[in-house]
Amino acid sequence: MTNTNVNNSPLFGQVKSGRSTAMKLSDPDIREVVEKATLSFAAMVCADGSPNLSPKGSMRVYDESHLAFMDIASPDTMANLRRDPPRWAPGL
């Protein structure tokens, strides 16, 4: 993983939701699901509108509003994250 400031890094998706009832990654149940998962997926849309689904065996909770994963041979994923930073909202 690139060693960079978390606030300026496309590697971290900040929790954003317009709902006042949004769950935080600090919720023990949410943390447990993420930490116990052996495989997670980063799903996004490429600049041309095509889907990009990238498996991640390294997804971890960084803090209450960020997820982190290793950047290992994921050029499309990283380009998509830089172009369109992720927004996480429960129930979507």
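Whatever comes next refers back to the structure up there.
Note that this is a predicted model, so its numbers are computed, not measured. Note that residues are indexed from 1 along each chain, following the sequence as it is written. Residues qualify for local features only when their pLDDT is at least 70, as the model is predicted, and side-chain atom pairs are given and counted only at 80 or more; totals for whole chains, interfaces and linings, by contrast, use all residues. Note: side-chain values were computed over all heavy atoms of the structure, leaving out hydrogens and water.

Peer 1: Sorry, what's going on with the overall build of the chain here?
Peer 2: Only DSSP runs of H or I covering at least 4 residues are called helices, and only runs of E covering at least 2 are called strands; the numbering of each starts at the N terminus. A tally of helices and strands in the chain yields 2 helices and 4 strands. Seen in sequence order, the chain has helices and strands lined up from the N terminus as α-β-β-β-β-α. Relative to its full complement of 92 residues, the chain shows a buried share of 33%. In the chain, the share of contacts with a sequence separation of at least 24, taken over all contacts with a separation of at least 6, comes to 57%. Using the Shrake-Rupley algorithm and a 1.4 Å probe, accessible areas are obtained, with residue cover drawn only from the displayed protein chains. Accessible area for the chain stands at about 6100 Å²; split by element, carbon and sulfur atoms hold 53% of it. When a residue's accessible area, from a 1.4 Å probe over protein chains only, is under 20% of the maximum for its type it is buried; when over 50% it is exposed; and in between it is partly exposed. By definition in these notes, contact holds between two residues if any of their heavy atoms fall within 4.5 Å.

Peer 1: I keep staring at the pattern of salt bridges and nothing clicks. Help me out?
Peer 2: Any two side chains of opposite charge can pair if their charged atoms end up close together. Any carboxyl oxygen of Asp or Glu within 4 Å of a side-chain nitrogen of Lys or Arg constitutes a salt bridge here. For the structure on display, the rule yields 1 salt bridge. Close ionic contact of Lys36 with Glu32 constitutes a salt bridge, the shortest N to O distance being 2.8 Å. Pair noted here: Lys36 and Glu32 are both in helix H1 (residues 28-36), with a separation of 4 residues, about one helical turn.

Peer 1: Looking at this structure, how should I read a nonpolar patch on the surface?
Peer 2: Residues Leu39, Phe41 and Leu53 make up a contiguous nonpolar surface patch of roughly 320 Å² in combined accessible area. Secondary-structure assignment places Leu53 in strand E2 (residues 51-56). Candidate patch residues must exceed 30% relative accessible area and have no salt bridge, after which like charges are joined if within 9 Å and Val, Leu, Ile, Met, Phe, Trp or Tyr side chains if within 5 Å.

Peer 1: What should I look at first to understand the pairing of strand E1 (residues 40-45) in this one?
Peer 2: The side chains of a regular strand alternate between the sheet's two faces. Here E1 shows a clear split, with Ser40, Ala42 and Met44 buried on one side and none of Phe41, Ala43 and Val45 buried on the other. Each pair of strands is called paired provided DSSP finds at least two bridges between the two strands. Note that E1 and E2 share 6 bridges and pair antiparallel. Directly across from Met44, in E2, lies its bridge partner Asn52. Connecting E1 to the antiparallel partner E2 that follows it, the hairpin turn spans 5 residues, and Gly49 within it adopts a positive phi of roughly 90°.

Peer 1: What is the right way to read the environment of Ala79 from this model?
Peer 2: Along the chain, the position of Ala79 falls in helix H2 (residues 75-83). Spatially, the C-alpha atoms of Ala79 and Ala47 are 9.0 Å apart, while their sequence positions differ by 32 residues.

Peer 1: Quick question: what am I supposed to make of H2 here?
Peer 2: Spacing of three or four residues puts side chains on the same side of an α-helix, whose turn is 3.6 residues. Turning to H2, its buried residues are Thr77, Met78, Asn80 and Leu81. Along the axis of H2, the buried residues cluster in a sector spanning 160°; they form a single face. Of the exposed residues in H2, the ones pointing more than 90 degrees away from its buried face are Pro75 and Arg82. Looking at the packing, one finds that the buried side of H2 touches E1 and E2. Within this analysis, the arc is defined by the directions that extend from the helix axis to the C-beta atoms.

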